[in-house]
Amino acid sequence: MQLHTYFRSSAAYRVRIALALKGIAWDAVPVHLLKDGGQQKAPAYRALNPIGLVPTLVDGDTVIPQSLAILEYLEETHPTPALLPAGPVARARARAMALTVACDIHPLNNLRVLSYLRGPLDQGEEAVNAWIAHWIAEGFQALEQMAEGPDFCLGGAPGLADLCLVPQMFNARRFNIDLAPYPTLVAIDAHCQTLEAFQVAAPAQQPDAA
């Protein structure tokens, strides 16, 4: 199994945590989002992943883009330990929290969006930073109410929501966001960081970290 990944991509980070939790062996294929004008834009990579984003999972002849689709695939092909709780209500809650990060926060602060703000829209760093802070705050305010804590977003084991939250907390710190208003999220992140699967998946531990 191969994962086309970038050390600082929070979407790839989610998948790396899942692979570690499930004990799945995999090989990293680094795709640098800044070098060479963005290696994700190269024709060979676009042939693999037409949207030109990371991560992309390659499992034999199966090629899967999009982190949440990859996580669902891993859950179905390697069901233990489970990333989703038992029961439709709890599973829906877990997905809702994960999607709050993956659909409502992260895309608005992704590299290509920030590049478009800075480039064609000619926005300065003050405006870009305000944009980043606004959308992270919007999402974190909701997640602070949705998450159970104190150790995980939902239940007594790491799951889909935690896999999305922890990388977004990394992003928030990278963008110097004040996390004081979100004590539940901070506590969940701190506990997850004590677990080996989260530690080995961290950006600084990746072979392409720079």
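Here's what I pulled together on the structure shown here. (Residues numbered from 1 in each chain as written. Predicted model: local features only at pLDDT ≥ 70, side-chain atom pairs only at ≥ 80, totals over all residues. Heavy atoms only, no water.)

### Topic: the overall build of the protein chain
To keep things clear, this is the line we draw: Numbering of helices and strands starts at the N terminus; helices are DSSP runs of H or I of at least 4 residues and strands are runs of E of at least 2. The globule rule used here is 2.2 Å times the number of residues to the 0.38 power, and the radius of gyration it is set against is calculated over C-alpha atoms. A simple rule labels every residue: compare its accessible area, found with a 1.4 Å probe on the protein chains alone, to the largest value its type can have, and call it buried under 20%, exposed over 50%, or partly exposed in between. We call two residues in contact whenever any of their non-hydrogen atoms come within 4.5 Å of each other. Method for areas: the Shrake-Rupley scheme with a 1.4 Å probe, in which residue coverage is limited to the protein chains shown.
Across its full length, the protein chain carries nine helices and four strands. Helices and strands appear in the protein chain in the N-to-C order β-α-β-α-β-β-α-α-α-α-α-α-α. Its C-alpha radius of gyration of 17 Å places the protein chain within 12% of the 17 Å reference for a compact globule of 210 residues. In terms of overall dimensions, the protein chain has a C-alpha envelope of 45 × 45 × 30 Å along the principal axes. Residues classed as buried in the protein chain amount to 45% of the 210 residues present. Sequence-distant contacts in the protein chain: of pairs separated by 6 or more residues, those separated by 24 or more amount to 65%. Here the protein chain displays about 10000 Å² of accessible surface, and carbon together with sulfur accounts for 57% of that area.

### A few points about the sheet that holds strand β3 (residues 56-59)
Condition: When DSSP locates at least two bridges between a pair of strands, those strands are taken to pair. Angles here are taken between N-to-C directions and fall from 0 to 180 degrees, while the axes themselves are lines fitted to C-alpha atoms, restricted in helices to the stretch in contact.
Spatial strand order, β2-β1-β3-β4: four strands in an open sheet with mixed pairing. Of all the strands in the sheet, the pair left with one neighbour each is β2 (27-30) and β4 (62-65). On average, each strand axis in the sheet is tilted by 20 degrees relative to the strand beside it, whichever way the strands run. Of the strand pairs in this sheet, strand β1 (residues 2-5) and β3 are connected by three bridges, and their pairing is antiparallel.

### Quick notes on the packing of aromatic side chains
Put simply, the rule reads: Pairing of aromatic rings covers Phe, Tyr and Trp, the last counted by its six-membered ring, and requires centre-to-centre distances within 6.5 Å; plane angles under 30 degrees mean stacked, over 60 mean edge-to-face, and any other angle means tilted.
As enumerated under the stated definition, the model contains four aromatic pairs in all. Each ring, one from Trp131 and one from Trp135, has its centre 5.8 Å from the other, and the planes form 70 degrees; the classification is edge-to-face. Placement of the pair is Trp131 and Trp135 together in helix α6 (residues 125-146), with a separation of four residues, close to one helical turn. Between Phe140 and Tyr182, the ring centres sit 5.4 Å apart and the planes meet at 80 degrees, which makes this aromatic pair edge-to-face.

### Re the state of the cysteines
In protein structure, a disulfide is the covalent linkage between the sulfur atoms of two cysteines. Put simply, the rule reads: When the sulfur atoms of two cysteines come within 2.5 Å, that pair is taken as a disulfide.
The full count for this structure, using the stated rule, is zero disulfides. Cys164 carries a free sulfur, and the closest cysteine sulfur to it, the one in Cys153, is 8.9 Å from it. Look at Cys164 and you get buried, because its relative accessible area is 1%. Cysteine Cys192 remains unbridged, with the sulfur of Cys153 as its closest cysteine sulfur at 7.0 Å.

### Thoughts on the packing of helix α4 (residues 88-105) against helix α7 (residues 160-174)
Our working rule: Comment on the angle field: the value is read as roughly parallel under 35 degrees, roughly antiparallel over 145, roughly perpendicular from 65 to 115, and oblique elsewhere. What makes a crossing left-handed is the near helix being turned counterclockwise from the far one by less than a right angle; a clockwise turn instead makes it right-handed.
Where α4 contacts α7, the axes come no closer than 7 Å and their chain directions differ by 30 degrees. As far as their axial angle goes, α7 and α4 are roughly parallel. Our pair here, α4 against α7, has a crossing hand that is left-handed. Across the interface between the two elements, Ala94, Arg95, Met97, Ala98, Val101 and Ile105 from α4 touch Leu160, Ala161, Cys164, Leu165 and Gln168 from α7.

### Section: the nonpolar core
The cut-off we apply is this: We call a set of buried Ala, Val, Leu, Ile, Met, Phe, Trp, Tyr and Cys residues a nonpolar core when their side-chain atoms join them within 4.5 Å.
With 52 residues, the main nonpolar core has Leu74, Phe140, Leu143, Leu165 and Leu185 as its most contacted residues. Looking at this core, the elements that each hand over two or more residues are α1 (10-21), α3 (67-77), α4, α5 (111-118), α6, α7, α8 (183-192) and α9 (196-201). With eight residues, the single largest contributor to this core is α7. If you look at the next biggest cluster of nonpolar residues, it comprises six residues, including Tyr6, Phe7, Val31 and Leu33.

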